[in-house]
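If you want the building blocks of each chain, they are given just below.
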Amino acid sequence: DFIVAGSSDRAEATRRLEQLDVPVLKVLRLHDVTVDGWRMSEQGLAWDSVYYRVAMPELQGTSQPIVVAAAAAPQLDPLTGIAVTRVAAIPSQLEQLTARIERWARLQQLKNADKHIAIVYYNHPPGRHNIGADNLDVPASLLEILKALQREGYDTGPLPASSAEL
């Protein structure tokens, strides 16, 4: 549930993942809740596990967390009498993960001009004079992003000459 290679080799593992240049998806196993408990939960993941199950792996480039297994019913060990809980796969979640992997593979085969991208930007409170993010020049950044996408072969359509025009 943590990052790849733990704390001591994290930088090297991150470098190697970057060299692979492929999406690294995060699968989650829930040891402390059953699939029904997870589905009925209002919180999803326990709040105190999000940082090491989601946030830390994201810093390493791992994304799109998806739950694929949850706690099965406890079974009593016949020798010790201890209740042992294992995790069990959630078939519908594995199907969703498989479909996601197939879509990522398909994206790798598409030309950039044939891909669709959405850019979501900060605009609060709403209004054309409020496009900003804590004193950052969001329109200038958006224009640079669009120019970079255009250089990479994405069909951005005609771009404005300036961030003011954007």
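In this text, all values refer to a predicted model and were calculated from it rather than measured experimentally. Numbering of residues starts from 1 in every chain and runs along the sequence as written. The predicted nature of this model means local features are confined to residues of pLDDT at least 70 and side-chain atom pairs, given and counted, to a pLDDT of 80 or more, with totals for whole chains, interfaces and linings taken over all residues. Side-chain measures were taken over the full set of non-hydrogen atoms in the model, leaving aside hydrogen atoms and water.

A. Structural view of the pattern of salt bridges. By definition, a salt bridge exists where a carboxyl oxygen of Asp or Glu is found within 4 Å of a side-chain nitrogen of Lys or Arg. Taken as a whole, this structure holds three salt bridges when the rule is applied. The closest approach of N and O atoms between Glu12 and Arg16, which form a salt bridge, is 2.7 Å. Pair noted here: Glu12 and Arg16 are both in helix H1 (residues 10-20), with a separation of four residues, about one helical turn. Partly exposed residues are those whose accessible area sits between 20% and 50% of the maximum for their type, while under 20% is buried and over 50% is exposed, using a 1.4 Å probe and protein chains only. In this structure Glu12 comes out as partly exposed when scored by relative accessible area, which is 32%. Ionic pairing is found between Glu144 and Lys147, a salt bridge with its closest N-O pair at 3.8 Å. Placement of both Glu144 and Lys147 in helix H5 (residues 138-151) is noted, with a separation of three residues, approximately one turn of the helix. Here the salt bridges do not stand alone but share partners, grouping Glu12, Arg15 and Arg16 into one network. Labels follow the DSSP assignment, with helices taken as runs of H or I lasting at least four residues and strands as runs of E lasting at least two, numbered in each case from the N terminus.

B. Here's a closer look at unusual backbone geometry. In the Ramachandran plot, Asp21 falls in the positive-phi region, its phi being about 55 degrees despite a non-glycine side chain. Among the secondary structure elements, Asp21 is positioned in the loop between H1 and strand E1 (24-34). Given a relative accessible area of 65%, Asp21 falls into the exposed group. Even without a glycine there, the phi angle at Gln64 is positive, about 55 degrees. Among the secondary structure elements, Gln64 is positioned in strand E2 (residues 62-71). On the basis of relative accessibility, which here comes to 25%, the residue Gln64 falls in the partly exposed class.

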